[in-house]
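# Examination of the molecular architecture
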Amino acid sequence: MVIHPTEILDPTSFSIERAAQLLVQGRLVSFPTETVYGLGADATNESAVKAIYAAKGRPSFNPLIAHVSSVEMAKDYVEWSKAADVLASAFWPGPLTLVLPLKPNNAIAPTVTAGLDTLAIRLPAHPLAQQVLEHAGRPIAAPSANPSGRISPTTAEHVFDGLNGKVDVILDGGPCAVGLESTIVGLAPTATVLRPGSITESDLETILGYPMTHYKDGSHISAPGQMLSHYAPNAEVRLNASTFSQDELTLGFGAMECDLNLSEGGDLDEAARNLFSMLRQLDKNGQGTIAVAPIPNHGIGVAINDRLKRAAAPKD
Ligand code: TXA
Ligand code: MG
């Protein structure tokens, strides 16, 4: 357990090297990815991985994503398949996580997968993440760097606000380019979207050349951590608000009067980039109701609406 204040480091070759060394020593390091900031630990070190769960207050049944620096490294740990190859060739490095069967006798700490026989794995595109992973030379388990159930961090300051004293260092790479967590695709056995993200179902189907499978609710355990309440501000959240009332904190989309606007020009990528940061700003006082304008449900809008639905869900 870390007991000293967390340091925020500018991204120099020295600090990247230091971050990688800390990871190898079993410590916790937060680093930027193109999606959100991750809270990293050596995925082959059981006590380091346990420290992630402790720092986040994360339920032990919610498995972690292992981050790798190459496809070759991924193949050391999971049963690679044709579909994995096709998707990784198209989208890696990038905001796509693949869930694949674990290889027997792999070196992944059992807590990473929360006892499942599959591993979620991703090769991020952010240059700082890649350099840390290359220097560490091993898979790094990294959930989003926020206390469990809260809003994911898209800046180093967000990480500090939630986890000061619980992580050794934060590498500051500025704001994340995508702003929403990776698309998760299950491939064990058929291709199915477990969490929507900036890579959409139709992007995936175009590359795969066949439709994704849709499981009916309850017929399949999908992403075990996809709890309904997540990404939650302290304030109440009211969705699809076609009008705003005076006492509400208001989050707009497109040209309209509001406190903060996800994208005045109605650009969904810009809205995704702003979502978590604006929810945090409106939640500064932790009370009242945040009313959110309707967001078109296509492209990355599907992922924005998924996160908003969880932000608005009852907290117990
Ligand atoms: O963009 C991202 O994916 C970020 C950055 C840091 O890479 N990470 C991230 O991790 O969002 P986290 O822990 O916040 O979300 C991981 C999700 C959880 O919903 C978890 O349940 C699911 O991935 N997951 C992990 N392993 C899984 C598995 N073997 N099968 C199904 N779902 C899995
Ligand atoms: Mg998360």
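Preceding this section is the structure that the text describes.
These numbers were taken from a predicted model, which means no experiment stands behind them.

Lining the immediate environment of ligand 1, one finds 27 residues, of which Thr-35, Arg-58, Asn-62, His-67 and Ser-182 sit closest. A distance of 2.5 Å is found between an oxygen atom of ligand 1 and a side-chain nitrogen or oxygen belonging to Ser-182. Within the side chain of Arg-195, an N or O atom sits 2.9 Å from an oxygen atom of ligand 1. Where the shell around ligand 1 is concerned, the elements lending two or more residues are strand S4 (65–67), strand S6 (118–122) and strand S10 (192–195). With three residues, the top contributor of residues to the shell around ligand 1 is S6. Looking at side-chain class alone, the shell around ligand 1 contains 13 nonpolar, 10 polar and four charged residues.

Once that is clear, we can look at the packing of aromatic side chains. Overall, the coordinates contain one aromatic pair when judged by the stated rule. Taking 5.8 Å as the distance between ring centres and 50° as the angle between the ring planes, the aromatic pair formed by Trp-80 and Trp-92 counts as tilted. Of this pair, Trp-80 sits in the loop between helix H3 (71–75) and helix H4 (82–91) while Trp-92 sits in the loop between H4 and strand S5 (96–101), and the two are 12 residues apart along the sequence. Here the two residues Trp-80 and Trp-92 agree in accessibility, since each one is buried.

This next bit is on the sheet that holds strand S2 (residues 29–32). Read across the sheet, 10 strands follow the order S1-S8-S2-S3-S7-S4-S6-S5-S9-S10 without closing on themselves; strand pairing throughout is mixed. In the strand order of this sheet, the two ends are held by strand S1 (7–9) and S10, each with one partner. Note: S2 against strand S8 (residues 169–171), two bridges, orientation parallel. Counterpart to Ser-30 in the pairing with S8 is Ile-170.

Attention now moves to the sheet that holds strand S14 (residues 289–292). Strand order across the open sheet formed by four strands is S11-S14-S12-S13, with parallel pairing between neighbours. Two strands lie at the open edges of the sheet, namely strand S11 (236–238) and strand S13 (260–261), each paired on one side alone. Pairing geometry for strand S12 (residues 249–252) and S14, over three bridges, is parallel. Its bridge partner being in S14, Leu-249 is matched across the sheet by Ile-290. Relative to the sheet, helix H8 (residues 268–282) contacts S12, S13 and S14, its axis offset from that of S12 by approximately 165°.

With respect to the element layout, His-126 can be found in the loop between S6 and helix H5 (127–136). If near-sequence neighbours (up to four positions away) are discounted, His-126 is found in contact with Pro-32, Thr-33, Glu-34 and Gly-173.

Let's shift gears to the environment of Thr-97. Locating Thr-97 in the fold gives a position in strand S5. For Thr-97, a relative accessible area of 0% translates into the label buried. In this structure, the C-alpha to C-alpha distance between Thr-97 and Ile-121, residues 24 residues apart in sequence, is 5.4 Å. With sequence-adjacent residues up to four places away left out, Thr-97 is seen in contact with Ile-65, Ala-120, Ile-121, Arg-122, Ser-182, Thr-183, Ile-184 and Val-185. Polar contacts involving the side chain of Thr-97 include one to the side chain of Ser-182, which spans 2.8 Å.

Parameters at a glance
Throughout, residues of each chain are indexed from 1 in the direction in which the sequence is written. Note on labels: chains are lettered from A, ligands numbered from 1, in written order. A pLDDT threshold of at least 70 governs which residues receive local features in this predicted model, and a stricter bar of 80 or more applies before side-chain atom pairs are shown or counted, although totals over entire chains, interfaces and linings include all residues. Side-chain measures were taken over the full set of non-hydrogen atoms in the model, leaving aside hydrogen atoms and water. For this purpose, a residue is taken to be near a molecule or strand whenever a single non-hydrogen atom of the residue falls within 4 Å of it. Throughout this description, a polar contact denotes any pair of N or O atoms lying within 3.5 Å of each other; where both atoms belong to protein, one of them has to be capable of donating a hydrogen while the other can accept it, and for residues adjacent in sequence the pair is counted only when both atoms sit in side chains. Secondary structure elements are defined from DSSP: runs of H or I of at least 4 residues count as helices, runs of E of at least 2 residues count as strands, and each element is numbered from the N terminus. Side-chain classes follow a simple rule in which Ala, Val, Leu, Ile, Met, Phe, Trp, Tyr, Cys and Pro form the nonpolar group, Asp, Glu, Lys and Arg form the charged group, and the remainder, Gly included, forms the polar group. Centres within 6.5 Å make a pair out of two Phe, Tyr or Trp rings, where for Trp the six-membered ring is used; the pair is then stacked when the planes are under 30 degrees apart, edge-to-face when over 60, and tilted otherwise. Here's how the labels work: a residue is buried when its accessible area is under 20% of the maximum for its type, exposed when over 50%, partly exposed in between, all with a 1.4 Å probe on protein chains only. A pair of strands is labelled paired if DSSP reports no fewer than 2 bridges between them. Should any heavy atoms of two residues lie within 4.5 Å, those residues are considered in contact. All axes are obtained by fitting lines to C-alpha atoms, using only the stretch in contact for helices, and the reported angles, taken between N-to-C directions, cover 0 to 180 degrees.

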